[in-house]
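# Notes for the structure review
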Amino acid sequence: MSDRLSYEETKELPDSVFGLPERREYPMPDAAHVRAAEAYFRYCPEELKPKLARAILARAQEYGVDVESPVVRSYARS
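So, here's what we can say about the structure.

Parameters and conventions
- Residues numbered from 1 in each chain as written.
- Predicted model: local features only at pLDDT ≥ 70, side-chain atom pairs only at ≥ 80, totals over all residues.
- Heavy atoms only, no water.
- Helix = DSSP H or I, 4+ residues; strand = E, 2+ residues; numbered from the N terminus.
- Rg over C-alpha atoms; globule rule 2.2 N^0.38 Å.
- Areas by Shrake-Rupley, 256 points an atom, 1.4 Å probe, with all protein chains shown as cover.
- Lys, Arg positive; Asp, Glu negative; His and termini not counted.
- Charge placed at Lys NZ, Arg CZ, Asp CG, Glu CD.
- Axes fitted to C-alpha atoms, helices over the stretch in contact; angles between N-to-C directions.
- Parallel < 35°, antiparallel > 145°, perpendicular 65-115°, else oblique.
- Left-handed = near helix turned anticlockwise from the far one by under 90°.
- Contact = heavy atoms within 4.5 Å.
- Nonpolar A, V, L, I, M, F, W, Y, C, P; charged D, E, K, R; others polar.

## A closer look at the overall build of the protein
Counting secondary structure elements, the protein contains 4 helices and 2 strands. Counting from the amino terminus, the protein carries its helices and strands in the arrangement α-β-β-α-α-α. Relative to the globule expectation of 12 Å for 78 residues, the C-alpha radius of gyration of the protein, 12 Å, shows essentially globular dimensions. Carbon and sulfur atoms make up 51% of the accessible area of the protein, which totals about 5,000 Å². Separation between the mean location of the 12 positive side-chain charges and that of the 14 negative ones in the protein comes to 4 Å.

Following this line, the structure appears as structure tokens:
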């Protein structure tokens, strides 16, 4: 499986797998995409970073991914 989701694949994902479901951004249907969301975290709008950080940590726990970014961890505590 590719790390990239096609537009069609993304369209079919449930809102619940997105880091920002209301915007359908940062899809995390598997461990590879949790790592990608962590890598692209810096592009998230500032006011949405705490919400995205908590979503990344929750999905990471679900997939057994270690979130290494201290920035993501600190925003999750905000």
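## Quick word on the packing of helix 2 (residues 31-39) against helix 3 (residues 49-63)
Following both chains from N to C, one finds helix 2 and helix 3 inclined at 150 degrees, their axes separated by 9 Å at the closest point. Relative to helix 3, helix 2 is oriented roughly antiparallel. The crossing of helix 2 and helix 3 is left-handed. Between helix 2 and helix 3, the residues in contact are Ala31, Val34, Ala37 and Glu38 and Ile56, Arg59, Ala60 and Tyr63, respectively. For the contact of helix 2 with helix 3, the residue count by class is 6 nonpolar, no polar and 2 charged.

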